[in-house]
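Take a look at the letters that make up each chain.
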Amino acid sequence: MKNLLLAGALLPFAVSSQVLITEVFYDTPGNDSVEEWIELTNVGCTEQSLAGWSIRDNSATYYLNGTLAPNQSYVIARSASGFESLYAAQPDASGLTLALGNSGDYVQLRDTNSTVDMVAWENKVSGWNIAAKYKTIYRNSPTDNDSVDDWAVHSGYGVPGDYDYPDTSCGDNGGGDGGGTNPGGEVGGPDGYYDDASGLTGQALKAKLGEIAARGHTQLTYSQVWDALSYSDEDPNNPNNVILFYTGRSQDKGYRSGVYNDGDAWNREHSWPKSLGFPSKSQWGYADVHHLRPTDASMNSTRGNKDYDNGGSPVSESPDNKTDSNSFEPRDAVKGDAARMMFYMAVRYEGNDANMPDLYLVNDTSSNTGTPKLGVLCTLLAWNSQDPVDDWERRRHERNAEWQGNRNPFIDNAQWVDEIYAASCN
């Protein structure tokens, strides 16, 4: 094992990996926050599973899954539209949350808890003095020496998805051509579950995901939701407790509303407020556990049926949350969770269920009782990137699927949020 001193911390570094970072565009000619991208390539001779893998810098972690075939590259961009403006083509995935040149200055590729590859620039790591304004940096050999000497500066914007190198160890082992089974997450979830969505984008993808999200959905009673949430949101460190969504407090499962008349008891929060489209317990959305969360009863009341948005004043009971007259901003740790629940609801309920309206997201705070809409779309889009899916959210999702039988596509594949909604916010 080798170690690199990086930002004051010792990081375990694996000796070799057949999947490597092969190209990075970190200082772009336009807007870095939408034009940056990273390329990964399988330089080995066998297919590589990326379950448990991630790429990260000093600001964020982007989780991978699926498989990458030999000779294949995979390009993950900050923004599909920004990437298209440079290359007149679409990346393999978008929604990259890493800062890169915006004070990122290094990227690690990690296999579970081990760093298997890295690249740095502009002396973020001692000796890594690469500087590439308006040019990509690229790997100049499939042999990984964990050194700045592995890297060179391209003469221009680079050729993403087309890594080429001289190597004959696997026979015909030329440059990659993109593809694989989407390390960015399009094949997240059970094998074959999202096959029908392959190759779709925009409204076609949204419609197909609505069909997929409805498959196997068992309508629970509202009474069953108590037990479902007690299981899905169970405190991993105390099986007698649940974690409350807005406050983050671990609370006794038995100390709930209906048993105790107390603002600190927990109740069943409709994160998409039931007054905005499904006020009746007979409606499918009313007891859909993919958007129901255990919350402190008084915090639930503070949220009410306000739109999700940034801003407002700290809530005295839990100052990490903010609110004003027409919006509510949850604590940072659950902003992405809230966003992905809202995107699920807007896709799952398209007006195809007999007793449910078409739920839709708007880019304002005009929601009011009786209308099946919720805001703020572009804020939720940003939260999805700001707070990526983590192990807690994945654990909860699997437990919800056990109870209800269907899945939230945006927890399995968070980048699909951008593919459906980003055009509305550009």
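Residues numbered from 1 in each chain as written. Predicted model: local features only at pLDDT ≥ 70, side-chain atom pairs only at ≥ 80, totals over all residues. Heavy atoms only, no water.

- With an unreviewed UniProt entry as reference, the chain is termed Endonuclease, source organism Shewanella submarina.
- Reading the Sequence similarities (unreviewed entry) entry of the UniProt record for the chain gives the comment "Belongs to the EndA/NucM nuclease family." (UniProt positions renumbered as here; feature names shortened; annotations may be inferred.)

**Considerations on the overall build of the chain**
Moving on, step 1. A tally of helices and strands in the chain yields 10 helices and 24 strands.
Moving on, step 2. For the chain, the proportion of its 426 residues judged to be buried stands at 55%.
Moving on, step 3. Counting contacts in the chain only where the partners sit at least 6 residues apart, residues at least 24 apart contribute 62% of the total.
Moving on, step 4. Of the roughly 16,700 Å² that the chain leaves accessible, carbon and sulfur atoms contribute 45%. (Helix = DSSP H or I, 4+ residues; strand = E, 2+ residues; numbered from the N terminus. Buried < 20%, exposed > 50% of the residue type's maximum accessible area, 1.4 Å probe, protein only. Contact = heavy atoms within 4.5 Å. Areas by Shrake-Rupley, 256 points an atom, 1.4 Å probe, with all protein chains shown as cover.)

**What to know about the side chain of Thr 28**
Moving on, step 1. Locating Thr 28 in the fold gives a position in the loop between β3 (19-25) and α1 (32-35).
Moving on, step 2. A residue is classified by how much of its surface remains accessible, and Thr 28, at 2% relative accessible area, is buried.

**Looking at helix α4 (residues 222-232)**
Moving on, step 1. Of all the residues in α4, the buried ones are Tyr 222, Val 225, Trp 226, Ala 228, Leu 229, Ser 230 and Ser 232.
Moving on, step 2. The elements touched by buried residues of α4 are β14 (234-235), β15 (238-243), β17 (266-270), β18 (292-296) and α8 (391-404).

**Section: the packing of helix α3 (residues 202-214) against helix α6 (residues 335-348)**
Pairs of packed helices are described in terms of their axes, by the angle between the two and the distance that separates them.
Moving on, step 1. Interhelical geometry of α3 versus α6 gives an angle of 95° and a closest axis separation of 8 Å. One way to sum up the angle between α3 and α6 is to call them roughly perpendicular. Residue-level inspection shows Lys 206, Leu 209, Gly 210, Ala 213 and Ala 214 of α3 in contact with α6, the latter providing Tyr 344, Ala 346, Val 347 and Arg 348.
Moving on, step 2. In terms of residue class, the contact of α3 with α6 is made up of six nonpolar, one polar and two charged. (Axes fitted to C-alpha atoms, helices over the stretch in contact; angles between N-to-C directions. Parallel < 35°, antiparallel > 145°, perpendicular 65-115°, else oblique. Nonpolar A, V, L, I, M, F, W, Y, C, P; charged D, E, K, R; others polar.)

**Here we look at the environment of Asp 196**
Moving on, step 1. Looking at where Asp 196 falls in the secondary structure, it is placed in the loop between β13 (151-153) and α3.
Moving on, step 2. Along the primary structure Asp 196 and Glu 211 are separated by 15 residues, whereas in three dimensions their C-alpha atoms are 9.6 Å apart.

**Quick look at the pattern of salt bridges**
Moving on, step 1. For the coordinates displayed, the defined rule picks out 20 salt bridges.
Moving on, step 2. Among the salt bridges present, the one from Glu 350 reaches Lys 206, with a minimum N-O distance of 2.6 Å. A residue pair is termed long-range when its members are at least 10 positions apart, and Glu 350 in the loop between α6 and β23 (360-361) and Lys 206 in helix α3 qualify at 144 residues.
Moving on, step 3. Between Lys 335 and Asp 332 there is a salt bridge, and its shortest N-O distance comes to 2.8 Å. (Salt bridge = Lys/Arg side-chain N within 4 Å of Asp/Glu carboxyl O.)

**A closer look at the sheet that holds strand β20 (residues 313-315)**
Backbone-to-backbone hydrogen bonds join strands into a sheet, with any given pair of strands oriented parallel or antiparallel.
Moving on, step 1. Strand order in the open sheet formed by four strands is β19-β22-β21-β20, with mixed pairing between adjacent strands. Every other strand in the sheet has two partners, leaving β19 (307-308) and β20 as the edge strands with one partner each.
Moving on, step 2. Two elements, β20 and strand β21 (residues 318-323), share three bridges in a ladder whose sense is antiparallel. Bridged to Val 315 within β21 is Ser 318. (Pairing = 2+ DSSP bridges.)

**Section: the packing of aromatic side chains**
The geometry of an aromatic ring pair is captured by two quantities: the separation of the ring centres and the angle between the planes.
Moving on, step 1. For the structure on display, the rule yields 15 aromatic pairs.
Moving on, step 2. The interplanar angle of 15° and the centroid separation of 4.5 Å between the aromatic rings of Tyr 26 and Trp 121 together place this pair among those described as stacked. With Tyr 26 in the loop between β3 and α1 and Trp 121 in the loop between β11 (114-120) and β12 (137-139), this residue pair connects regions lying 95 residues apart in the sequence. This pair shows no difference in class: Tyr 26 is buried, exactly as Trp 121 is.
Moving on, step 3. Taken together through their ring pairs, the aromatic side chains of Phe 25, Trp 37, Phe 83 and Tyr 87 make up a single cluster.
Moving on, step 4. One cation-aromatic arrangement involves Arg 303 over Tyr 308; the distance from NZ or CZ to the ring centre is 4.0 Å. (Phe/Tyr/Trp six-rings, centres within 6.5 Å; stacked < 30°, edge-to-face > 60°. Lys NZ or Arg CZ within 6 Å of the ring centre and 35° of its normal.)

**Notes on helix α2 (residues 80-87)**
Moving on, step 1. Residues of α2 that are buried include every one of Gly 82, Phe 83 and Tyr 87, and no others. The arc enclosing the buried residues of α2, seen along the axis, measures out at 115°, which places them on a common side.
Moving on, step 2. If you follow the buried residues of α2, they end up packed against β3, α1, β4 (37-42) and β9 (73-77).
Moving on, step 3. Phi turns positive, to about 55°, at Ala 88, one or two residues after α2. (Arc of directions from axis to C-beta.)

**Focus on the environment of Ala 51**
Moving on, step 1. Along the chain, the position of Ala 51 falls in the loop between β5 (48-49) and β6 (53-56).
Moving on, step 2. Residue classification places Ala 51 among the exposed positions, given a relative accessible area of 52%.
Moving on, step 3. For the pair Ala 51 and Gly 188, spaced 137 residues apart in sequence, the C-alpha separation works out to 9.3 Å.

**What to know about the environment of Ala 197**
Moving on, step 1. If you trace the backbone, Ala 197 turns up in the loop between β13 and α3.
Moving on, step 2. As for Ala 197 and Lys 208, which are separated by 11 residues in sequence, their C-alpha atoms are 6.1 Å apart.
Moving on, step 3. Excluding residues that lie within four positions of it along the chain, Ala 197 makes contacts with Leu 205, Lys 208, Leu 209, Ile 212 and Trp 416.

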